[in-house]
Amino acid sequence: MPFYVTTPIFYVNAQPHLGHTYTTVIADAARRFFRMSGEETRFQTGTDEHGDKIAQAAAAEGVSPKEYADRISAMFREAWPNLAIEPDRFIRTTDPDHVATVQAALEKVHEKGDIYFSEYEGLYCVGCERFLTEKELVDGKCPDHLKEPERIAEQNYFFRMSKYQDWLVEHIKANPEFIRPERYRNEILAMLAEPLEDLCISRPKSRLSWGIPLPFDENFVTYVWFDALINYLTGLGYPDGPDFEKFWPGAVHVIAKDILKPHAIFWPTMLRSLGLAPYRGLRVHGYWNVDDTKMSKSLGNVVRPGEMVEKYGAAACRYFLLREMAFGVDSSFSDEAMTARYNSDLANDLGNLFSRSLTMARNFCDSRVPAPAAFENGDLELKEAAEKMVETFKREMRAWNFHRALAEVWLVIGMANRYIVNNAPWELAKEPEKRPRLDTVLHTLLACLRLIALCLFPVMPDKAREMWLSLGLNDREPDFSRDAAWDLLAPGTSLGQPAPLFPRLAKKKTGGKQQQPKAKSGKASNRKKDKGKENLIDISEFSRIDLRLAEIKSAERIEKSDRLLKLTVLAPEERTVVAGIAEHYSPDELIGRQVILVANLKPAKLMGVESHGMVLAIKDGGRLILSSGSERATPGSKVS
Ligand code: ME8
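Residues numbered from 1 in each chain as written. Predicted model: local features only at pLDDT ≥ 70, side-chain atom pairs only at ≥ 80, totals over all residues. Heavy atoms only, no water.

**Section: the overall build of the protein**
Working step 1: Counting secondary structure elements, the protein contains 22 helices and 25 strands.
Working step 2: For the protein, the spread of C-alpha atoms along the three principal axes comes to 95 × 70 × 40 Å.
Working step 3: Considering the protein as a whole, with its 640 residues, one finds that 54% of them fall into the buried category.
Working step 4: For the protein, the share of sequence-separated contacts (at least 6 apart) that also reach a separation of at least 24 residues comes to 74%. (Helix = DSSP H or I, 4+ residues; strand = E, 2+ residues; numbered from the N terminus. Buried < 20%, exposed > 50% of the residue type's maximum accessible area, 1.4 Å probe, protein only. Contact = heavy atoms within 4.5 Å.)

**A look at the pattern of salt bridges**
Working step 1: Taken as a whole and assessed by the stated rule, the structure comprises 47 salt bridges.
Working step 2: For Asp-97, the salt bridge goes to Arg-89, with nearest N and O atoms at 2.9 Å.
Working step 3: Connected through shared salt-bridge partners, Asp-28, Arg-32, Glu-86 and Arg-318 make up one network. (Salt bridge = Lys/Arg side-chain N within 4 Å of Asp/Glu carboxyl O.)

**A closer look at the environment of Ala-347**
Working step 1: Tracing the backbone through its elements, the reader meets Ala-347 in helix α13 (residues 335-365).
Working step 2: Exposure remark for Ala-347: the relative accessible area of 6% places this residue in the buried category.
Working step 3: Separated by 155 residues in the primary sequence, Ala-347 and Phe-502 have C-alpha atoms spaced 4.8 Å apart.
Working step 4: Setting aside chain neighbours within four positions, we find Ala-347 in contact with Tyr-342, Asn-352, Phe-502 and Arg-504.

**Considering a nonpolar patch on the surface**
Working step 1: A contiguous nonpolar patch, built from Ile-537, Phe-542 and Ile-545 and spanning about 270 Å² of accessible area, is present on the exposed surface.
Working step 2: A relative accessible area of 53% means that Ile-537 is categorised as exposed. (Patch = residues over 30% accessible without salt bridge, like charges linked within 9 Å, V, L, I, M, F, W, Y side chains within 5 Å. Areas by Shrake-Rupley, 256 points an atom, 1.4 Å probe, with all protein chains shown as cover.)

**Quick word on the packing of aromatic side chains**
Both the distance between ring centres and the angle between the ring planes are used here to describe each pair of aromatic rings.
Working step 1: One pass over the full model with this rule turns up 31 aromatic pairs.
Working step 2: A ring pair is formed by Phe-117 and Phe-220, whose centres lie 5.7 Å apart and whose planes are at 80 degrees; its orientation type is edge-to-face. With a gap of 103 residues between them, Phe-117 in strand β4 (residues 115-125) and Phe-220 in strand β11 (residues 217-222) connect regions that are remote in the sequence.
Working step 3: Owing to a relative accessible area of 8%, Phe-220 belongs among the buried residues under this scheme.
Working step 4: With a centroid separation of 4.6 Å and an interplanar angle of 35 degrees, the aromatic rings of Tyr-319 and Trp-410 are classed as tilted. With Tyr-319 in helix α12 (residues 314-324) and Trp-410 in helix α15 (residues 402-423), this residue pair connects regions lying 91 residues apart in the sequence. For the pair Tyr-319 and Trp-410, one class covers both residues: buried.
Working step 5: A network of ring pairs unites the aromatic residues Phe-3, Phe-33, Phe-34, Phe-393 and Phe-480 as a single cluster.
Working step 6: Above the ring of Phe-90, the side-chain terminus of Arg-77 is found at 5.6 Å from the ring centroid.
Working step 7: Here the guanidinium or amino end of Lys-463 rests over the ring plane of Phe-502, the centre of that ring lying 5.2 Å away. (Phe/Tyr/Trp six-rings, centres within 6.5 Å; stacked < 30°, edge-to-face > 60°. Lys NZ or Arg CZ within 6 Å of the ring centre and 35° of its normal.)

**Some thoughts on the packing of helix α11 (residues 305-312) against α12**
Packed helix pairs are characterised by how far apart their axes lie and by the angle those axes make with each other.
Working step 1: Across the interface, α11 lies against α12 with an axial gap of 7 Å and an inter-helix angle of 110 degrees. With respect to their mutual orientation, α11 and α12 come out roughly perpendicular. From α11, Met-308, Val-309 and Tyr-312 reach across to α12, where they touch Ala-314, Ala-316 and Cys-317.
Working step 2: For the contact of α11 with α12, a count of residues per class yields six nonpolar, no polar and no charged. (Axes fitted to C-alpha atoms, helices over the stretch in contact; angles between N-to-C directions. Parallel < 35°, antiparallel > 145°, perpendicular 65-115°, else oblique. Nonpolar A, V, L, I, M, F, W, Y, C, P; charged D, E, K, R; others polar.)

**So, the domain arrangement of the protein**
Working step 1: Domain annotation for the protein reports domain 1 (3-294), domain 2 (334-483) and domain 3 (539-626).
Working step 2: Counting residues at the interface gives six residues for domain 2, matched by seven residues for domain 3.
Working step 3: Interface area, domain 2 with domain 3, both sides summed: about 590 Å², of which 44% is carbon and sulfur.
Working step 4: If you look at where domain 2 meets domain 3, you find one salt bridge.
Working step 5: For Lys-430, the salt bridge identified is with Glu-551, shortest N-O distance 3.6 Å.
Working step 6: If you look at where domain 2 meets domain 3, you find one residue pair in polar contact (both at pLDDT 80 or more).
Working step 7: Classifying every residue of the side of domain 2 that touches domain 3 gives two nonpolar, two polar and two charged. (Domains from an automatic or database assignment. Buried area = accessible area lost by both parts, 1.4 Å probe. Polar contact = N/O pair within 3.5 Å; in protein donor to acceptor, adjacent residues only side chain to side chain.)

**A look at the site of the ligand**
Working step 1: By nearness alone, 23 residues border the ligand, and Ile-9, Thr-23, Asp-48, Asp-258 and Trp-288 come closest of all.
Working step 2: Contacts to the ligand include Tyr-11, whose backbone N or O atom sits 2.9 Å from an oxygen atom.
Working step 3: Separating a nitrogen atom of the ligand from a backbone N or O atom of Trp-288 is a distance of 2.9 Å.
Working step 4: Taken by itself the ligand offers 680 Å² of open surface, and the protein chains cover 93% of this.
Working step 5: Only β1 (3-11), α1 (18-36), α7 (224-229) and α8 (231-234) provide two or more residues apiece to the shell around the ligand.
Working step 6: It is β1 that contributes the most residues to the shell around the ligand, four residues altogether.
Working step 7: For the shell around the ligand, the per-class residue count stands at 13 nonpolar, eight polar and two charged. (Near = heavy atom within 4 Å.)

**Here's the deal with the sheet that holds β4**
Working step 1: Ordered by their spatial adjacency, four strands build an open sheet running β5-β4-β6-β8, and the pairing between neighbours is antiparallel. Two strands close off the open sheet at either side, each with one partner strand: β5 (130-132) and β8 (199-200).
Working step 2: Sheet analysis places strand β6 (residues 150-159) next to β8, joined by two bridges and oriented antiparallel. Along β8, the bridge assignment pairs Phe-158 with Cys-200. (Pairing = 2+ DSSP bridges.)

**Focus on the sheet that holds β1**
Working step 1: What the six strands build is an open sheet, ordered β3-β2-β1-β12-β13-β7; its pairing is parallel. Two strands bound the open sheet, and with one partner strand each, they are β3 (89-92) and β7 (179-180).
Working step 2: Here two bridges tie β7 to strand β13 (residues 281-285), and the two strands are oriented parallel to one another. Bridge pairing in β13 places Ile-179 opposite Leu-282.

**A look at the confidence of the model for the protein**
Working step 1: Taken residue by residue, the protein gives an average pLDDT of 92. The fraction at 70 or more is 95%.
Working step 2: This stretch, residues 509-532, has a pLDDT under 50; its non-local contacts, to residues over four places away or in other chains, come to five contacts. (pLDDT = per-residue confidence, 0-100.)

Set out below in C-alpha cells:
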C-alpha cells in the first residue's frame, strides 16, 4: 500500500529545535525505509501560521503576522536539507491552495449540518490554541504551558464533534494499529469514556483577524486547529487530485504526545463528517529533554538543529535521535551522550570496521573483492547473523521501533569486528598457502558490510551511500527485495579507498570554531620568524634520536584511562610501550600494524605501566593517525 507520512506543521512562533528535528527525522527515515521496501511514498511537513499565538508573537516584534511567518517558516524549510530530510511538500497554512481547501472543507461540513452557531464560555490556553476542560487542568493551570487559561465567552460556530463519539470509540477499539503505542491509545479511550463536547471552530474577526475567513460568515475566521489539520489533505490535492486517491488510504501522522487530542479526536471526527476514511495510523512519540531538564528558551538549553549538525554531522545526529529514544517514551539529550555514542558506535565500531576491511582489501587484494573459497563455521555464523539482521531490521522499522532496529545492526557490527580479530587476516597474508582462507575471510567481511550499509540507508543516507560506493556498488538507492541477498558482491569488483567515515570527536567541547591567531604587525611576524629559527636543530642533535620500525604484537586498554593503550611491540626485541591513542584506535585493530618508535627514550611510568619508547603519530585536527609508510618492513629497522 502506498505510504504517506506527515509531521505536525510547526508553529512559527518558535525556531526549529531538537523536538521538531526528531519528528521530522523519523518521518524522513520511515519514508526512506518504505520506499526501499518497494512502496510508493509521500512525505509532508510544513508550518502552521494562523491563530492567536502567531498574531501575538508578531505583534511583540512589531511586524505583520505574514512577515513574521515568512521569516520563521523559512528557517524550518532551510533546516531540513542539512539533515538529509527530503519532504515532497513543505506546506504553509498561508499557501493559497491550503486556504481554498480549508474553505471547501468548511462548506462541506456546513452543508452536512454539522456546524451550528452558538454562545460559548470556556477556558482557552493560547499555548495549546484550544479550550481545556476543567479535568485537564493541574492546579488551575495548563499542565503543558504552566499558565492559567483565559476565560473566553463569545458567540461562535461549532462543529458537532459529539455526534461522532460512538463511531470513534468503535473505530479505535476495532483497529489496534490506529493509535500507537498502546499507552496513547488507552489515554484517548479514557478521554472518550466521558461525553465529548462539540468543537468551537471559529473566532470573531473583531478579536482575531489572522486566520482563514469562514466561507459562510465573513465576520469570523477559522479556528487554527480546524485549519491546520486539513493541511494533511491539501498536500495531496484533496478532493480530486490523483495523489489524494492514491495516498490517503496509507496516511500515517507522526506527532508527539502534546498534540494527541487534536489528532486522535478532532481530526478523525472531522474526516468522518467530510465523508472520508480516517487516516491509517497515528504514531505518537515522547518528549526530548535536555540534560534531563525540560527544554525551554528561558533556561537557555534549547538545542538547535543547525548547531547539532555543525558539531556532529547530519548522519550522527540522525543516528543518535533514532538510536537513543525508545519510540513513545521520553528521552534526554546531552552533548556527553551524543559524543559517547558518536565515538563508540560510529567512530569505533562502524568506522573502524569499515576502514579496516577496506584497508585489508587494499593491502592484500589489490582493492578488489576476492572470490571466496570454502566457508568455515565462523564465516557461516557471520553470514547467518547478517541475514537475520536484515529481517529483524525490517520488522522493527515497520513497527516504529527504530532503536531496536539499530541495536540489531550494531550487534552484527560487533560480531564482524570480533571476526576480524579471530581470523587475523594480516597473519593469513603472511603465508601464501593461506591465500584461499584470506580471500574467504575478506569476502565474508565485505559481504557483511554490504548488508550493514543496506540497513543504514534510511537512517544515514549519505554515509550509507559512501559505504555502498566504496564497496563498488551502483549509485542508486538500494531496495530490500532486490539487494538483501548475501552473495551480491561480485568477485573482482573494484573497491574504493579506505577513508574514515566518522573521524573521532575530541572529548572536550571547543565551543565554536578555533581560529588561528593572526600576527597583527610586522614586528610580531618577525618575532614569529625568529622563533622559527630558534626551533632549528643541528643534524647531530637529530641523529641522537633512535627511530625504529616496530610491529605491534598485542594491545590492551589501561584501566582507568580513556587515552592510554599498553602495547607490546617488536623492535626487533619485545618491549612495552604506552601510547595515548585509545580514543583513536581500538586494541584489536592495532595488532600486526607497523609503527614508528622513538626507541631510545628514558623509560617512563604512565598510569603504573613502564613505557620503553614512544610511538609516533600524525596529529590531524582532532585525529591521531599512526603511520609507517605503505610498505611493510622488518621490525627493528632503523628509520632515517
Ligand atoms: O503543535 N520533544 O506545533 P508545535 C519531542 N502547530 N518533540 C517535540 C518537542 C520535544 N521536546 N517539542 C516539540 C503544533 N516537538 C501545531 C501542530 S499539526 C496539524 C499542528 C515536536 O510547533 C513534536 O512533533 O507546537 C510535537 O508534536 C510538535 O513538535 C509540536 O509542534
